[in-house]
Structures are given as C-alpha cells and as structure tokens.
Amino acid sequence: MKDDTPVRRSPVSLADCNLSRSFELVGDRWTLLILRSALYGVRRFDDFQADLDIPRTVLSNRLAGLVESGIMEKRAYREEGQRSRVEYPLTDMGRALMLPFMAMTQWGDKFLSDGVMPLTLRSRKTGERISVAYTDEQGRAVSFADIEAVIDPDARKRAARKRKPGKGG
C-alpha cells in the first residue's frame, strides 16, 4: 500500500465495506471492553459487571446485542446448591476476534505502553513470543510496503444480489 499519493475517497463504499460492518457490530467502548474480558475468559454477568464496573443495564443491553449478532451465546449453568443462572461464552465468531484484539494490543504496546507490557503471547510449543503480522498464503511474512489493495470490481454486484429477497448468492 502506498503512502505517497493522496487518496480522495476510500476504495470501498461504506455500504460494501466489511471493516465498516465490523465497526458497527463491535465498535462502541463498552462492547469492546466486554469482548476484551470475554477473550480473557470472563463469561458470567456478575463477573463482567465487577471486572468492568459497567452499569448493569448497559451490560445487559450489550450482551443481548452480542448474542443476537452471534458473537456470544447465552447458556444456562447451575452451581451446586444455587439457582440456574446464565453465562455468555464466545462463539467461534467471537473467538475469532482474538486476532484483531491482539493486533490492537501489539499496537498499544508499541505506541502507548511507555515500556510496560502486561500481556505477552507465547507459543506453548516453543516458548517464543508471538506477534501479529501480515503473511501471504504460504505463511511467509510480508512487509507493509509490499502490500497492495486489490478491489474486486464485481463485489458490489454480488453483495446487492445477496441482499435482494429471492435471489441466490
């Protein structure tokens, strides 16, 4: 991707942009913090509330939205001698957010940390530190300077067909 030529418009419209869609789904502060806690393993309402000091109504609304979107599921559990309660584990869709969240953590470590990095990801197999990086289909590292954005000219048409009732896609 080149930095030298000024860009006047984004190459993908907001209506067709999956990045924009992801921001709409998870982009408010409380939702992001709930997901952060969930990626660390928090699953229960009271634990989210205590971990984040979030108003209960806000938490309830955000969890409902995350369940509705398919990022979390609502599942009953019961501890011995207690009434049935609900927990909110991440779905596959939710666990897939680990990669962008770790990319943001790595960015924060580099630009915001003042040298303090409380979390490090390491390989269980080798013990080596893991970093988020661009790779090609063969798993080889690619530098930012070597990346080009290629716009699919037919993507808008395919997306429009999927949005129309009665059309296949």
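This write-up is about the structure you can find in this document. (Residues numbered from 1 in each chain as written. Predicted model: local features only at pLDDT ≥ 70, side-chain atom pairs only at ≥ 80, totals over all residues. Heavy atoms only, no water.)

Some remarks on the overall build of the protein chain
Across its full length, the protein chain carries seven helices and two strands. Of the regular secondary structure in the protein chain, the N- to C-terminal order runs α-α-α-α-β-β-α-α-α. Taken over the C-alpha trace, the protein chain has a radius of gyration of 20 Å; the compact-globule value for 169 residues is 15 Å, which it surpasses by more than 25%. Taking the principal axes of the C-alpha coordinates as reference, the protein chain spans close to 65 × 50 × 30 Å. The buried share of the protein chain, taken over its 169 residues, is 21%. A sequence separation of at least 24 residues applies to 43% of the contacts in the protein chain between residues at least 6 apart. Summed over its atoms, the accessible surface of the protein chain is roughly 13400 Å², and 52% of this surface lies on carbon and sulfur atoms. Averaging the positions of the 30 positive and the 24 negative side-chain charges in the protein chain gives two centres separated by 5 Å. (Helix = DSSP H or I, 4+ residues; strand = E, 2+ residues; numbered from the N terminus. Rg over C-alpha atoms; globule rule 2.2 N^0.38 Å. Buried < 20%, exposed > 50% of the residue type's maximum accessible area, 1.4 Å probe, protein only. Contact = heavy atoms within 4.5 Å. Areas by Shrake-Rupley, 256 points an atom, 1.4 Å probe, with all protein chains shown as cover. Lys, Arg positive; Asp, Glu negative; His and termini not counted. Charge placed at Lys NZ, Arg CZ, Asp CG, Glu CD.)

A word on the nonpolar core
Judged by nonpolar contacts, the single largest core of 21 residues is most densely connected at Ile34, Leu35, Phe48, Leu63, Ile71 and Met72. Every element with two or more residues in this core is listed here: α2 (29-40), α3 (45-52), α4 (56-69) and α6 (98-111). With residues up to four places along the chain from it excluded, the contact list for Leu35 reads Val26, Leu66, Ile71, Leu90, Leu97 and Phe101. (Core = buried A, V, L, I, M, F, W, Y, C linked by side-chain atoms within 4.5 Å.)

Points about α3
Of all the residues in α3, the buried ones are Phe45, Phe48 and Leu52. Taken down its axis, α3 places every buried residue within 65 degrees of arc, on the same side. Lining the buried residues of α3 we find α2, α4 and β2 (85-87). The first or second residue beyond α3 is Asp53, which carries a positive phi of 50 degrees. (Arc of directions from axis to C-beta.)

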